[in-house]
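Structure at a glance
Residues per chain, in single letters:
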Amino acid sequence: MTPLLCALCLGLAGLALGKDAPVVDIPDQGPVSGKEVSVTRGQKATQYLGIPFAKSPPDRLQPPVWEPLPNWTEPRNSSFMPSCLQSRKALKEYERIFSQILREQLDQLEFNEDCLYLNVYVPDGQPPPGNWPVVVWFHPGNFSVGTPTLWDGSTLAVKQRVIVVTPAYRLNIMGFFAMDGDVSPGNYGLMDQVAALKWVKAKISVFGGSPEDVCIMGHGAGGTSVGLHMVSPRSEGQFSRAIAMSGSAFDRLIDTMPSMDTYKDLYAGCERTSSQVFVDCLRNIVPDSLVEETWDRYPWGPVIDNVTKNAFLPKPPENLFETYKMNKADYMTGYVDMEDAFMIDDAVRDSEKGISADMFRTLIETETEDEYYTEVIQDLGLLNGTCGVNVPHLVDTILFYYSPYPPSVDTEVIRQKYVDYTTEKRYGSGIYKQATFISKSAARTYVYRFDYKPKKSHFTGLPDWVSVPHGFELPFFWGMPYWPSLSHLIWNGADRKVADIVMNLWTNFAKTGNPIQSGINYKWDVFKEDSPGVMIIDRNFNMSDPSTFDHKAFAFWNDYFPKVKEAMKCCNITQNAFRVHSSPALTGILATIAGLQFLLSS
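All figures in this text were calculated on a predicted structure; none of them were measured in a lab.

Some points on the overall build of the chain
Looking only at helices and strands, the chain has 20 helices and 18 strands in total. Looking at the chain as a whole, 56% of its 602 residues are labelled buried. Within the chain, contacts between residues at least 6 apart in sequence are counted, and of these 76% link residues at least 24 apart. For the chain, the accessible area works out to roughly 25300 Å², and carbon and sulfur atoms hold 51% of it.

A look at the nonpolar core
Val-120, Phe-177, Trp-199, Phe-207, Trp-506 and Trp-524 are the most contacted members of the largest nonpolar core, which has 166 residues in total. Top element by residues in this core is helix 18 (residues 493-512). It accounts for 10 residues. When near neighbours in sequence (up to four residues on either side) are disregarded, Trp-506 contacts Met-217, Ile-243, Met-245, Met-332, Tyr-448, Phe-477, Trp-524 and Ile-537. Judged by nonpolar contacts, the second largest core, of 11 residues, contains Tyr-335, Ile-431, Val-447 and Val-534.

Topic: the packing of helix 16 (residues 411-439) against helix 19 (residues 551-567)
Two numbers describe a pair of packed helices, the interaxial angle and the distance between the axes. Following both chains from N to C, one finds helix 16 and helix 19 inclined at 80°, their axes separated by 9 Å at the closest point. With respect to each other, helix 16 and helix 19 are oriented roughly perpendicular. Across the interface between the two elements, Tyr-421, Glu-424, Lys-425, Gly-428, Ser-429, Tyr-432 and Lys-433 from helix 16 touch His-551, Ala-553, Phe-554, Trp-557 and Asn-558 from helix 19. Partitioned by chemical class, the residues of the contact of helix 16 with helix 19 number five nonpolar, four polar and three charged.

Overview of the environment of Phe-342
Tracing the chain through its elements places Phe-342 in helix 12 (residues 341-348). By relative accessible area, which is 13% here, Phe-342 ends up buried. For the pair formed by Phe-342 and His-470, sequence separation is 128 residues and the distance between their alpha carbons is 8.0 Å.

Description of the pattern of salt bridges
Per the stated rule, a full pass over the model turns up 20 salt bridges. Residues Glu-365 and Arg-361 are paired through a salt bridge, measuring 3.1 Å at the closest nitrogen-oxygen approach. Of the two residues, Glu-365 and Arg-361 both sit in helix 13 (residues 357-371), four residues apart, roughly one turn of that helix. On the basis of relative accessible area, Glu-365 is assigned to the partly exposed category, the value being 26%. For Asp-396, the salt bridge identified is with Arg-361, shortest N-O distance 2.9 Å.

Side note on helix 15 (residues 391-402)
Each full turn of the α-helix corresponds to 3.6 residues, which orients residues three or four apart in the same direction. Taking 1.5 Å of rise per residue, the 12 residues of helix 15 would be expected to cover 16 Å, and the 17 Å separating its terminal C-alpha atoms lies within 8% of that figure. Turning to helix 15, its buried residues number three or more, namely Val-391, Leu-394, Val-395, Thr-397, Ile-398, Leu-399 and Tyr-402.

Quick notes on the state of the cysteines
Under the definition given, this model contains two disulfides. Here Cys-84 engages in a disulfide with Cys-115; their sulfurs sit 2.1 Å apart. Negative torsions about the S-S bond denote left-handed disulfides, and the value of about 85° found for Cys-84 with Cys-115 makes this one right-handed. Here Cys-84, found in strand 6 (residues 83-84), pairs with Cys-115, found in the loop between strand 7 (111-112) and strand 8 (117-123); they are 31 residues apart in sequence, far enough to count as distant. We note that Cys-84, like Cys-115, is buried. Residue pairing for Cys-270: its cysteine sulfur links by disulfide to Cys-281, the two sulfurs lying 2.0 Å apart.

With respect to the sheet that holds strand 16 (residues 445-450)
In space, the 11 strands of this open sheet follow the order 4-5-8-10-9-11-12-15-16-17-18, with mixed pairing throughout. Here the strands that pair on one side only, and so sit at the sheet edges, are strand 4 (35-40) and strand 18 (542-543). For strand 15 (residues 330-336) and strand 16, the ladder comprises six bridges, and the chain directions are parallel. Considered in strand 16, the bridge of Tyr-331 is made with Thr-445.

Some points on the packing of aromatic side chains
All chains considered together, the criterion is met by 41 aromatic pairs. On the basis of an interplanar angle of 80° and a centroid distance of 5.6 Å, the ring pair of Tyr-402 and Tyr-421 is categorised as edge-to-face. Placement of the pair is Tyr-402 in helix 15 and Tyr-421 in helix 16, with a sequence separation of 19 residues. With a centroid separation of 6.0 Å and an interplanar angle of 50°, the aromatic rings of Tyr-421 and Trp-557 are classed as tilted. Taken as a pair, Tyr-421 in helix 16 and Trp-557 in helix 19 lie far apart in primary sequence, 136 residues in all. Of the two residues, Tyr-421 and Trp-557, neither departs from the other in class, the shared state being buried. Through pairs of rings, three or more aromatic residues link up here, namely Phe-360, Tyr-401, Tyr-402, Tyr-418, Tyr-421, Phe-556, Trp-557, Tyr-560 and Phe-561. For the cation-ring pair, Arg-76 lies above Trp-72, with the distance from its terminal atom to the ring centre recorded as 5.0 Å.

Considerations on the pairing of strand 11 (residues 209-219)
In regular strands, side chains alternate between the two faces of the sheet. Here strand 11 lies mainly inside the structure; 10 of its 11 residues are buried. Bridge count for strand 9 (residues 132-138) against strand 11 is six bridges, and the pairing is parallel. Residue pairing for strand 11: Phe-138 is matched across the bridge by Gly-218. As paired strands, strand 11 and strand 12 (residues 241-245) are joined by five bridges and run parallel to one another. Its bridge partner lying in strand 12, Gly-218 is registered against Ala-244.

Here's the deal with the side chain of Thr-422
Here Thr-422 shows up in helix 16. At 3.0 Å, the side chain of Thr-422 and the backbone oxygen of Val-419 are in polar contact. Discounting residues that sit within four places of it in the chain, Thr-422 has contacts with Asp-340, Ile-344 and Tyr-427.

Digging into the pairing of strand 8
With seven of seven residues buried, strand 8 lies mostly within the body of the structure. Alternating positions in strand 8 separate into two faces, Tyr-117, Asn-119, Tyr-121 and Pro-123 on one and Leu-118, Val-120 and Val-122 on the other, with burial throughout. Both strand 5 (residues 43-52) and strand 8 contribute to a ladder of six bridges, which runs antiparallel. Paired with Ile-51 across the strands is Leu-118, a residue of strand 8. Pairing of strand 8 with strand 10 (residues 163-167) involves four bridges; the strand directions are antiparallel. By the bridge assignment for strand 10, Asn-119 is matched with Thr-166.

Regarding helix 8 (residues 221-229)
Burial runs high along helix 8: nine of the nine residues are buried. Within the span of helix 8, buried status applies to Ala-221, Gly-222, Gly-223, Thr-224, Ser-225, Val-226, Gly-227, Leu-228 and His-229.

A word on unusual backbone geometry
Across residues other than glycine, the phi torsion is negative in most instances, and most of the peptide bonds are trans. A cis amide bond, omega -5°, links Glu-67 with the succeeding residue Pro-68. Topologically, Pro-68 is positioned in the loop between strand 5 and strand 6. The phi dihedral of Ser-246 falls on the positive side, at around 55°, and the residue is not glycine. Residue position: Ser-246 is located in the loop between strand 12 and strand 13 (255-256). Assessed through its relative accessible area of 2%, Ser-246 is described here as buried.

The rules behind each value
Residues numbered from 1 in each chain as written. Predicted model: local features only at pLDDT ≥ 70, side-chain atom pairs only at ≥ 80, totals over all residues. Heavy atoms only, no water. Helix = DSSP H or I, 4+ residues; strand = E, 2+ residues; numbered from the N terminus. Buried < 20%, exposed > 50% of the residue type's maximum accessible area, 1.4 Å probe, protein only. Contact = heavy atoms within 4.5 Å. Areas by Shrake-Rupley, 256 points an atom, 1.4 Å probe, with all protein chains shown as cover. Core = buried A, V, L, I, M, F, W, Y, C linked by side-chain atoms within 4.5 Å. Axes fitted to C-alpha atoms, helices over the stretch in contact; angles between N-to-C directions. Parallel < 35°, antiparallel > 145°, perpendicular 65-115°, else oblique. Nonpolar A, V, L, I, M, F, W, Y, C, P; charged D, E, K, R; others polar. Salt bridge = Lys/Arg side-chain N within 4 Å of Asp/Glu carboxyl O. Expected span 1.5 Å × (residues − 1). Disulfide = S-S within 2.5 Å. Pairing = 2+ DSSP bridges. Phe/Tyr/Trp six-rings, centres within 6.5 Å; stacked < 30°, edge-to-face > 60°. Lys NZ or Arg CZ within 6 Å of the ring centre and 35° of its normal. Polar contact = N/O pair within 3.5 Å; in protein donor to acceptor, adjacent residues only side chain to side chain.

Structure representation (C-alpha cells):
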C-alpha cells in the first residue's frame, strides 16, 4: 500500500505519512513537505512552515490577492518565510520580554514585502471523528511589528490535540496606510487575516483539521484584530469561536479615515496634486526605506473604511454592536493586572521611588490633552466659531476617581493608582465593554484577569514592584516551559502547573466554547450583563469578588466619563481628527499656535 493510500485509510485526506518528510498535497496549490519535531518523550508534532495563503498585490497599499492562489508542482520544503517589513529595533523593544529568551530567533529574522505565508502545526496520531479543532493565532505588535515565526505551535498542538495555524499579516504603513477610500482604503493587514481564514476554511482538512471548528485567537494588536473580526462582515462565517487577549474592538488605535492633510509631513518629495498621485509616489519608494522612516511617525492601525465597497469596518464598532451586526461566535477575553507597567517604569525610573502626586497629575494631564488635542487647539480660539472639551475638568474628573482616598503622599500607593488607571482605561474598559455587548447575544462569553507572576523568572530587568505586565501570560498559554528550544531554562514546578491549566482552559474553550470541562476543579461562570463574573487567574483560579475586582471602574469609563465629556463641550462640533503621537507632537502644535497668536496680536 502506498503512503498516500495509507493516509487516506486513516482519514487524513491527503496527508502522506513518513518520519522524515510527511507530505501534504494542498488542492489547487501543490505539495508541501512537513518536518517532524519532538516535543516531549514519545510526543511529536509535524510542522508545515512557509505556506503561501495569498499573493501580495502587484502594487503595495492594496488588498491581498486571494484568487488565484500561488501554486507549484515540486514539494515545498518546510521553512519559515521572511516576516513582514518592520523595524528590527522596534520589534526587539516591543518584545522586551521574549527578546531575552528568544534572542537568537529575533536576530535571525528576515523581512520582506512578500510575506503572506502561514505555518501549520499538526499533532501526532490519528485525528478524532470530525478531525482536529483548529486554532488560528494573530500575533501581537501594536500593528507595527510582530511575526508568527516567534510563536512555535508544536507544544500547544501536541499537548492539547489541536492544529495551530500562525499567519503573517502586513504591518505599519504597509498594512494600514489609509487615505481616500477610492485610492488607499487601509486595513490591508486585517484583509490579510481574512485571506488566511479563507485559506484555513478551504484547505485545513487536508492536514486533518476541521474547517467547521476554527477558533481565532490573538494578543495585543492580535486581540484587537479578533475583536474586530467579531463585527466585520468580511469575516462572517470564517470561525466559530474567538479569544481576544489584552485587546478589543474599542482599541484607541481605531480611527476614522484620514485625509491627505494628515500626511503633510510624510515624504515631502511626493506631489500632492491628488490622492492618486501621492499614493503612486509612495508605491515607488524603496520598501525598506519607506518602513524605517514611517513606522513611528503615525500610530498605524485599523480605520473605519465605510467609504469603500466591501468595507472591513463599515461603521464604528459600537454602532455595529448596538445594532447586533456581529458575527455569532462564543467569545473569551481578558487582560493582565499591570498591562503598561513596563512603560510606566520607563517613564518614572529617574524618580526616587514611586510616583509623586504632582507627577501623577502631570501624567494624566499629558495623556488627556493628547487624546483630546483637537479640542485643546479649539479652546485656544484659533478655529473661529468652534470650541471643544474642557480638558482641565476631564483631568479633575479622572483625578477624583483615581486619587487615593483618604489622600496619601505615599508614592508607591500613588504609582499603583496610576497602574490601575492605565490598565482599566486602555485595556480593561474596552474588553469589558465588548464582553457586555457580546453577552447580550446568544454567544457564551467568558472574561478573565491574569494575575499570576512567574515563580521562576527568566526575564531580567523586571522591577520588584511589577507583577504581571503586558504579555506575561503568553509563556503559559504557549506552554513555553515545554518548548525544546528553551530546554536550557529551568522552570519552576508551579509555573509548569499553571501553564498546563491555562493551556487546558484556553483550548477547551477553543474546542467547545466552554473553558471548564470534566476533570477541572475550577468554576468559571459565564459573563452576563447582570452578573459580570470575571475569572481571576492566579495560583488559586477564583471568580472575582468586590475585594479583588473593581467593576465600577468600567462603569466609570464606559458610562460616566463619556457623559462628562459630552457635558463639557461648550457647543456641538464634529470631530474628524486623525490620531497623533503624544507629548512631542502636541507640544509642537501648541507652541506653533501660541507663536501664531502672539504674532497676530502684536
